[in-house]
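Architecture and fold: a report
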Amino acid sequence: MRPVYLIFLILILLGCLVPEMKAQDNPVISKISFVGNQTLRKETLLKQMNTKERAFTEKLAFWKKNSGFSNFALDEDILRLKKLYQQNGFLDPVITYELLPNKKNTKLKIIIHILEGNAVNIGTIDYNMPESLTFKPFIDSLDKVVPIKPFSRFRDESIVLTEKIIHDHFSSQGFPFVHTKKIISLNERLKTADLEFSISPGNKTYFGEIKVLGDTLIPRPYINKHIKIKQGNLFSQIKLEETQEELFGLGLFRYVTIRALMDSVINNNVPIIIQLKELPRWSLKTGLGYGTEDKIRVSMLLTRLNFLGGGRTLSIKGQHSYFIPLSIETKFIQPDIWSKNLDFIVNPFFSREREESYTVDRLGTAVTFQKNITKTTSAYLSYTFGKDKVKLTTITPLEEAEDPKKRNRNKSGITFGFNGNTTNDLFSPTKGWKIDGTATYMGIGFNTEFHYYKLMAEVDYFHPLLEKVIFAFKFKSGIIKSTQGDVSTPIEDRFLMGGALSLRGWGRNQISPVNEAGDNLGGNSMFESSAELRFPLYGILSATAFMDVGNTWQNSWDFDLNALHYDVGLGLRLKTPVGPIRFDIATPVLGEKFSAQFFVTIGHAF
């Protein structure tokens, strides 16, 4: 048996040595660094290279074979880097590399030395056009929008972009057949490049006959309200794009295509074809999910488009979760009621909400006028009438003496709201901002028991930092204050904090003033802020490091910034078509007792 054991031992040793010998022939690239790259960032240079550092995720996946170093690939990369520098105005860059293997020759560091040299700057910029005073305003306005300026560094990308801007500039003002020819005169001694753009505008062109095609029952007058072009107006490519975007934004069409028939121009009039494909009249969307706070979530949305004609919409939405056992709301939308982009909305609703300190049944109706002001902003004015039936979990002696009928509360009031959103993605924005603000006054007639105002504001900001690293920031504050001599505000409308969407170092709604029994009463003032660094890991998996700060106080307009709660945490995000699945773990810090909280839910915290 001993020879068998000996052979087995030899095989094991060979198995260990073979990867080592292979690694010696083909070492793994542990790091790539650049020296002398004053103009272009490392991330920009690495994008041009097929030679890659060994990623962190590859280090973890030890069972996978890692691609090793190739001299041929690196030489090709150096040529691409030289071309990139030439495209950015450096005619004669000198790029060399240095290889630094470890002692066993299993790992390799690559240092790339770059001598950029002197950059070529833009000299004079001339625009040559037919001698006509009518074109002078075109040239004057061009100087304000083109990315190239005298004495700036010459870049191929800027020249190509300038040509596109010239075309779009003239095309949007009635000259879609504009033709541009560029001439670059290089002075190698002075390291300057003079630019000359010869522009032939072509004939002034107008919108011709506009045909709307497609099997749709949406009334033509309603569609015409959202068509931004008219026959006889100056041709504008921008107006065509705005029309397509607005028609599609109505939410009634599967697709909207607009074609300008440039090969069918008659007397300088361009015929336009608008092709529409209507969405199905009825649609049903269902959802099923799980979160550590609200447990099983179930939702349903039934929608009827073009309800009763005129582009109207009717929807019925139902939801169930642990904290909202039942929610049903119907929404009827009458678009363009008195003017374009002014919608009239009727919204009957019923919901049952469950908190640790109380449960509340809300039944009522909201009537809203909503106006889209710009592409990114909207405002609304809403009147709400309803009845809240409140049941307290624990009743103090003072509350026991209170008339139980007062917990069946009529509420009548108005709300003004404003929304703005410039972010670039609905589920995972990487830049832009969002702002939401509301001002509510309750206590208008109908035997309403409570009189108070409530102000809320939230600002979210997203900004890219390093390569694919996103900084996200949230600021949120609110006040509720009783009026007309009322002693208190309703508990169901006060502020509770903590949980997956708030201070994540605490459980859901654990941050609150409490009564004698220790039940959360909710605060009349609140402040909250969060900061996150979001960065990719591998594929659809990303991570975040975050910090939250905030508190809620019993008195209105009482912000004690010396009594703020702080938490820090880490999280993972798994990208899905309906938003990221979020795993967060957080703990209180700065004088608070360590207590880890773990959350699983869908969507970013903000």
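The model shown is predicted, which means the values in this text are computed figures rather than measured ones. (Residues numbered from 1 in each chain as written. Predicted model: local features only at pLDDT ≥ 70, side-chain atom pairs only at ≥ 80, totals over all residues. Heavy atoms only, no water.)

**Focus on the overall build of the protein**
- On a plain count of helices and strands, the protein comes out with nine helices and 25 strands.
- Computed over C-alpha atoms, the radius of gyration of the protein comes to 32 Å, more than 25% over the 25 Å expected from 2.2 N^0.38 for 606 residues, which places it beyond the range of a compact globule.
- Here the C-alpha coordinates of the protein stretch approximately 100 × 90 × 55 Å along the principal axes.
- The buried share among the 606 residues of the protein stands at 39%. (Helix = DSSP H or I, 4+ residues; strand = E, 2+ residues; numbered from the N terminus. Rg over C-alpha atoms; globule rule 2.2 N^0.38 Å. Buried < 20%, exposed > 50% of the residue type's maximum accessible area, 1.4 Å probe, protein only.)

**Comments concerning the pattern of salt bridges**
- Inspection of the entire model under this criterion finds 28 salt bridges.
- We note a salt bridge from E528 to K474, for which the minimum N-O separation is 2.8 Å. Remark: K474 occurs in strand β20 (residues 470-482) and E528 occurs in strand β21 (residues 525-538); sequence separation between them is 54 residues.
- On the basis of relative accessibility, which here comes to 2%, the residue E528 falls in the buried class.
- Judged by its relative accessible area of 3%, K474 falls in the buried class.
- Of the charged contacts in the structure, one is a salt bridge between R504 and D584, with a shortest N-O distance of 3.4 Å. Residue R504 is found in the loop between β20 and β21, and its partner D584 is found in strand β24 (residues 581-589); the two are separated by 80 residues along the sequence. Like R504, the residue D584 is buried in the burial classification.
- Within the structure, one salt-bridge network assembled from shared partners comprises E353, R362, D388, R409, K411, E492 and D493. (Salt bridge = Lys/Arg side-chain N within 4 Å of Asp/Glu carboxyl O.)

**Considering helix α5 (residues 136-145)**
- Those residues of α5 lying buried are F138, I139 and L142. Down the axis of α5, the sector holding all buried residues measures 95 degrees, keeping them to one side.
- Those residues of α5 that are buried lie in contact with β4 (121-128), α6 (156-171) and β6 (192-200). (Arc of directions from axis to C-beta. Contact = heavy atoms within 4.5 Å.)

**A closer look at the environment of T601**
- The topology assignment puts T601 in strand β25 (residues 597-602).
- A C-alpha to C-alpha distance of 57 Å links T601 and T192, two positions 409 residues apart in sequence.
- Excluding residues within four positions of it along the chain, T601 makes contact with Y290, R297, A500, P580, I581 and R582.

**Quick look at the sheet that holds strand β1 (residues 28-35)**
- The strand order β1-β3-β2 describes an open sheet built from three strands, whose pairing is mixed. If you trace the sheet from one side to the other, it starts and ends with β1 and β2 (94-101), each paired once. Averaged over all adjacent pairs, the angle separating strand axes in this sheet is 20 degrees, with direction ignored.
- Pairing of β1 with strand β3 (residues 107-115), which is carried by seven bridges, proceeds in the parallel orientation. Across the sheet, residue I29 finds its bridge partner in β3, namely L108.
- The strands that helix α4 (residues 71-87) touches are β1, β2 and β3; relative to β2, the one it contacts most, it runs at about 150 degrees. (Pairing = 2+ DSSP bridges. Axes fitted to C-alpha atoms, helices over the stretch in contact; angles between N-to-C directions.)

**So, the side chain of S525**
- Among the structural elements, S525 can be located in strand β21.
- Look at S525 and you get buried, because its relative accessible area is 0%.
- At 2.8 Å, the side chain of S525 forms a polar contact with the backbone nitrogen of W557.
- Those residues in contact with S525, other than ones at most four positions away along the chain, are G478, F495, N551, T552, W553, N555, S556, W557, D558 and F559. (Polar contact = N/O pair within 3.5 Å; in protein donor to acceptor, adjacent residues only side chain to side chain.)

**Details of α4**
- Compared with an ideal rise of 1.5 Å per residue, which puts 17 residues at 24 Å, α4 spans 25 Å between its outermost C-alpha atoms and is within 8% of the ideal.
- Residues L74, D77, I78, L81, L84 and Y85 constitute the buried set of α4. The arc that holds every buried residue of α4, seen down its axis, measures 120 degrees, which confines them to one face. Residues of α4 that are exposed and point over 90 degrees away from its buried face: F72, L79 and K83.
- Where α4 is buried, its residues meet β1, α2 (42-47), β2 and β3.
- G89 lies just past α4 and shows a positive phi near 95 degrees. (Expected span 1.5 Å × (residues − 1).)

**A short note on unusual backbone geometry**
- A positive phi angle, close to 55 degrees, is found at N306, a residue other than glycine.
- The residue N306 is located in the loop between β11 (295-305) and β12 (313-320) in this model.
- Given the relative accessible area of 4%, N306 is considered buried.
- At L308, a position not held by glycine, the phi torsion is positive, near 60 degrees.
- You can see L308 is positioned in the loop between β11 and β12.

**Describing the packing of α5 against α6**
- It is at 11 Å that the axes of α5 and α6 come closest, and there the two elements cross at 135 degrees. In terms of axis orientation, α5 runs oblique to α6. Of the two elements, α5 crosses α6, and the hand of that crossing is right-handed. Touching F138, S141, L142 and V145 of α5 are I165, I166, H169 and F170, all from α6.
- Counted by class, the contact of α5 with α6 contains six nonpolar, two polar and no charged residues. (Parallel < 35°, antiparallel > 145°, perpendicular 65-115°, else oblique. Left-handed = near helix turned anticlockwise from the far one by under 90°. Nonpolar A, V, L, I, M, F, W, Y, C, P; charged D, E, K, R; others polar.)

**Observations regarding the side chain of Q334**
- Turning to its location among the elements, Q334 is positioned in strand β13 (residues 326-334).
- Assessed through its relative accessible area of 14%, Q334 is described here as buried.
- For Q334, the side chain forms a polar contact with the side chain of R312, separated by 2.3 Å.
- In this view, Q334 contacts G310, R312, L342, D343 and F344; residues no more than four positions away in its chain are not counted.

**Some points on the packing of aromatic side chains**
- Per the counting criterion, the structure on display carries eleven aromatic pairs.
- Taken together, a centroid distance of 5.6 Å and an interplanar angle of 70 degrees make the contact between Y85 and F90 edge-to-face. Each of the two residues, Y85 as well as F90, counts as buried.
- Taken together, a centroid distance of 5.7 Å and an interplanar angle of 70 degrees make the contact between W553 and F559 edge-to-face.
- Judged by relative accessible area, which is 8%, W553 ranks as buried.
- The rings of W338, F344 and F369 are connected pair by pair, giving a single aromatic cluster.
- Positioned over the ring face of Y322 is R354, at 4.2 Å from the centre of the ring. (Phe/Tyr/Trp six-rings, centres within 6.5 Å; stacked < 30°, edge-to-face > 60°. Lys NZ or Arg CZ within 6 Å of the ring centre and 35° of its normal.)

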